[in-house]
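Structural features, examined
Spelled out, the chains give:
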Amino acid sequence: MNHPAYLSRRTFLAGSAVLAATAGLGLFGCSTAGTDTAAPNAASNADEPVNAYYENAVIYTVDGQDRMAEALAVRDGKIVFVGSSSDGQRYKDTAQNVVDLQGRFVLPGLIEGHIHSGSPDFFDFSLIGLPTADDELAAIKEYVDAHPEKDTYLGFGYMASLYPGEELERGPKKERLDEISPDKPLLVYSFDGHGAWLNSKAFELLGITPDTPSTPGGEIYKNEDGSLWGTLADSAMSMTSKYPVNQENVADGLATFLQGLNALGYTSIFTPPGNGFFPVPYEGYQTLADREELTMRVRGAGIVTSWQTDEDLAKLEELKKKYDSDALKVIAGKIFVDGVMDNESALLSEPYADNPSNYGETGWEQDPLNQAAAAINRAGMLAHIHAIGDEAVTMGLDAIEYAEQNVPNDDERNAITHLQLVKEDDVPRFAELEVTAVADPYWHFKEPHYWESKESPALGERAEKMYPMKSFVDAGVTLVSASDFPVTSNPNPFYAMQFGVTRNLVDGKPYDVPDITDMDDPAYLLWPEERVDIKRMIRSFTADAAWALSLDGETGSLEEGKAADFIVVDQNVLDAKPLDIKNTKVLQTYLRGERVYDAATAEQ
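Residues numbered from 1 in each chain as written. Predicted model: local features only at pLDDT ≥ 70, side-chain atom pairs only at ≥ 80, totals over all residues. Heavy atoms only, no water.

The name given to the chain in an unreviewed UniProt entry is Amidohydrolase family protein, and the organism recorded there is Eggerthella guodeyinii.

Rendered as structure tokens:
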């Protein structure tokens, strides 16, 4: 049986990790907050009353001068003053509401740099948290047996690592699902979003046969006799895009998802598609926007593949035209250059240590990749490139360099995300090309029971130097943090900040190991030279993330004229001990001056 700690980093807890953030939080007494939303036609004149004045706070503005402040005034959803209490007195004198923050710490609203839109309502069942293959199979059977009225079944969260023999690498076989559902299609997505497990009827429904060719960078696994094994990997998962998905509760599921993110301090997100199998549910977001219930500024992307590039680019332009409001905007084309380290499909410049004939996979040749990046920029969108391995990073940089040289007036803020391995010579290229490095600090440590069993054998000495961060900072690269939820089950930004500062274990409980008491404890410490300070980690969730999404004129820092996106937390994160950063609790979250989360209300 695999250790349950395997579940912590690359899992989808059916929303529970996000929603748990709303429980058990205390809040200082405050009777006037919550009524500070400006009237639509409120005057903008400097002499007019403000809707709300927040005082007695420790405010980290994250502006260009790293200013600290004591008070904040909001009118019509925008900041009209941030500074000292004495300078803010004239705003206080005429404020409709005066809120005493009782010394609490205030930050700009946080921005998630790469998160997949997820809700348990999209699936019939979840297997997350089940420790054995038998438990997974029992859960699937229980659901199917209890719902004979359904025509198809859809689940999430299987783990190939729980299955024996060849199934460990390829994923479980279709016959296991055929026994449970011999007459109706049954499909289950893997916990990491890079695999799909189908029964025979699901293959039939989707028209996938032993003669169906795999997509570039993907795999339709087959038996030695050529028959279908039962799983699809990486880009081949795009073949499941027409599988029926529950659409009835998407908007409500998204609302719950966003409320959980508000509870973690987020006011803006960038949400790209998954691996081609589950597009961003834009219609659900639009429904929330139409209801005026969208509690998050949403920026999104469409996918561009190597095998249908022109069609994908046309769809991308349609998305851009359709979703183009301040609340919901499609701004990017996402490109997968390689796969993932888990199944050794990440593209490396040197072979895998445990498989010297394998360098990983890519679905792209360099020239078509160049053309795709240029076409995305030419359409007025940024290229958001998935690259895990160092050779994939080089390919991504080469494509962006081509776009920079061949697209007139190209000022798109392109990005490369994940960045597990990066060649030393490629780091300064990020700065030269103004490419955003979107990191996943939640992964920046030697994960118990995973690093030693998977990453170290696969990469050898390279496993000691994964996930650079400080190198990017020192080179002047814009650094953005992201969770890649649901790959990271708990997108708590303060966990990420602690990971970035310590590059060590943050919480031992999911792994059944003791917590560390020294940030230099060597057991799980990964490349400590790449630690960054807390201010840089905060910037990666605020000002730098806003710049990367072209939101820097509106949010990301607390400055006059910008939106009143801010959070109130229970401790001064700048002064917190490194191992205590994770304990930071969000007390209130404001979007455009409107309170969208209040811990005191949430716990009732």
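Structure's up, so let's keep going.
Some details on the overall build of the chain
What the chain contains, in helices and strands, is 18 helices and 24 strands. Over its C-alpha trace the chain gives a radius of gyration of 24 Å, about what one expects of a compact globule, namely 25 Å for 604 residues. Projected onto the principal axes, the alpha-carbon positions of the chain cover approximately 80 × 55 × 50 Å. Residue pairs in contact within the chain that sit at least 24 positions apart in sequence constitute 74% of those at least 6 positions apart. Only carbon and sulfur atoms are counted for the fraction: they give 46% of the accessible area of the chain, which is about 22,700 Å². Looking at the chain, you have 48 positive and 98 negative side-chain charges, and the mean spots of the two groups are 2 Å apart. (Helix = DSSP H or I, 4+ residues; strand = E, 2+ residues; numbered from the N terminus. Rg over C-alpha atoms; globule rule 2.2 N^0.38 Å. Contact = heavy atoms within 4.5 Å. Areas by Shrake-Rupley, 256 points an atom, 1.4 Å probe, with all protein chains shown as cover. Lys, Arg positive; Asp, Glu negative; His and termini not counted. Charge placed at Lys NZ, Arg CZ, Asp CG, Glu CD.)

Comments concerning the nonpolar core
By size, the foremost hydrophobic cluster in this structure holds 131 residues, and its most contacted members are Leu232, Tyr285 and Phe430. Top contributing element to this core by residue count: helix 7 (residues 250-263), with eight residues. Discounting chain neighbours no more than four positions away, the residues touching Leu232 are His194, Gly195, Ala196, Leu198, Phe203, Ile208, Glu219, Ile220, Met237, Met239 and Thr240. Residues Leu127, Ala133, Leu186 and Val188 belong to the second largest nonpolar core, which totals 20 residues. (Core = buried A, V, L, I, M, F, W, Y, C linked by side-chain atoms within 4.5 Å. Buried < 20%, exposed > 50% of the residue type's maximum accessible area, 1.4 Å probe, protein only.)

Focus: helix 3 (residues 133-146)
For helix 3, spanning 14 residues, the distance from its first C-alpha to its last is 20 Å, which sits close to the expected 20 Å at 1.5 Å a residue. Within helix 3, the full set of buried residues consists of Ala133, Glu136, Leu137, Ile140, Tyr143 and Val144. One side of helix 3 holds all its buried residues, which, seen down the axis, span an arc of 130°. Summarising the geometry of helix 3, the exposed residues directed more than 90 degrees from the buried face are Asp134 and Glu142. Looking at the packing, one finds that the buried side of helix 3 touches strand 9 (125-126), strand 10 (153-158), helix 5 (174-180), strand 11 (186-190) and strand 12 (195-198). (Expected span 1.5 Å × (residues − 1). Arc of directions from axis to C-beta.)

Thoughts on the packing of aromatic side chains
All told, the structure shown has 17 aromatic pairs when counted by the stated rule. Taking 5.7 Å as the distance between ring centres and 70° as the angle between the ring planes, the aromatic pair formed by Tyr163 and Trp197 counts as edge-to-face. Placement of Tyr163 in the loop between strand 10 and helix 4 (167-170) and of Trp197 in strand 12 is noted, with a sequence separation of 34 residues between them. Judged by its relative accessible area of 3%, Tyr163 is buried. Residue Trp197 is classed as buried on the basis of its relative accessible area, which comes to 0%. Residues Phe257 and Phe485 carry aromatic rings whose centres are separated by 5.7 Å and whose planes lie at 25° to one another, so their mutual orientation is stacked. Placement of Phe257 in helix 7 and of Phe485 in the loop between strand 21 (479-481) and helix 15 (493-502) is noted, with a sequence separation of 228 residues between them. Here Phe257 matches Phe485 in class, with each residue buried. The side chain of Arg170 reaches across the aromatic face of Trp229, ending 4.9 Å from its centre. (Phe/Tyr/Trp six-rings, centres within 6.5 Å; stacked < 30°, edge-to-face > 60°. Lys NZ or Arg CZ within 6 Å of the ring centre and 35° of its normal.)

Focus on the pairing of strand 1 (residues 52-55)
Residues Ala52 and Tyr54 of strand 1 are buried on one face, and the alternating residues Tyr53 and Glu55, pointing to the opposite face, are buried as well. Judged from the three bridges that link them, strand 1 and strand 4 (residues 71-75) form a sheet pairing that is antiparallel. The residue bridging Ala52 from the neighbouring strand is Val74, located in strand 4. Note that strand 1 and strand 6 (residues 98-100) share three bridges and pair parallel. If you follow Tyr53 over to strand 6, its bridge partner there is Val98. (Pairing = 2+ DSSP bridges.)

Re the environment of Val62
Topologically, Val62 is positioned in the loop between strand 2 (58-60) and strand 3 (68-69). For Val62, a relative accessible area of 1% translates into the label buried. Separated by 301 residues in sequence, Val62 and Gly363 have C-alpha atoms that sit 40 Å apart. If we ignore the near neighbours within four places in the chain, the residues touching Val62 are Arg67, Pro108, Ile538, Arg539, Thr542, Ala543, Gly556 and Ser557.

Comments concerning the pattern of salt bridges
Within the structure shown, the criterion is met by 31 salt bridges. A salt bridge links Lys92 to Glu55, with the shortest nitrogen-to-oxygen separation between them at 2.9 Å. In this pair, Lys92 sits in helix 2 (residues 89-94) while Glu55 sits in strand 1, placing the two residues 37 residues apart along the sequence. Assessed through its relative accessible area of 17%, Glu55 is described here as buried. Connected via shared salt-bridge partners are Arg297, Arg299, Asp326, Glu554, Asp565 and Arg592. (Salt bridge = Lys/Arg side-chain N within 4 Å of Asp/Glu carboxyl O.)

Focus on the environment of Leu574
Inspection of the secondary structure assignment puts Leu574 in the loop between strand 22 (566-569) and strand 23 (586-591). Considered as a pair, Leu574 and Ala196 are 378 residues apart in the sequence and their alpha carbons are 43 Å apart. Sequence-distant contacts of Leu574, that is, excluding residues within four places in its chain, are made with Tyr60, Met68, Phe105, Ile534, Lys535 and Ile538.

Regarding the domain arrangement of the chain
When its domains are assigned, the chain resolves into domain 1 (47-103 + 557-603), domain 2 (120-240) and domain 3 (337-529). Summarising the inter-unit geometry, the C-alpha centres of domain 1 and domain 3 are found 33 Å apart. Contacts between domain 1 and domain 3 engage ten residues on the former and eleven residues on the latter. Among the residues of domain 1 in contact with domain 3, Leu579, Ile581 and Lys582 are the three that bury the most area, contributing 66% of the side total. Summed over the shared surface of domain 1 and domain 3, the result is zero salt bridges. Tallied by class, the residues present in the side of domain 1 that touches domain 3 amount to seven nonpolar, one polar and two charged. (Domains from an automatic or database assignment. Buried area = accessible area lost by both parts, 1.4 Å probe. Nonpolar A, V, L, I, M, F, W, Y, C, P; charged D, E, K, R; others polar.)

Focus on the packing of helix 7 against helix 8 (residues 282-290)
Between helix 7 and helix 8, whose axes approach to 8 Å, the crossing angle comes to 75°. The pairing of helix 7 with helix 8 is recorded here as roughly perpendicular in orientation. Between helix 7 and helix 8, the contacting residues are Val250, Ala251, Leu254, Ala255, Phe257 and Leu258 on the first element and Gly284, Tyr285, Thr287 and Leu288 on the second. (Axes fitted to C-alpha atoms, helices over the stretch in contact; angles between N-to-C directions. Parallel < 35°, antiparallel > 145°, perpendicular 65-115°, else oblique.)

Brief notes about the side chain of His384
One can find His384 in strand 18 (residues 382-387). Setting aside residues no more than four positions away along its own chain, His384 makes contact with Gly113, His114, Phe270, Ala332, Gly333, Lys334, Ile335, Ala415, Thr417 and Val438.

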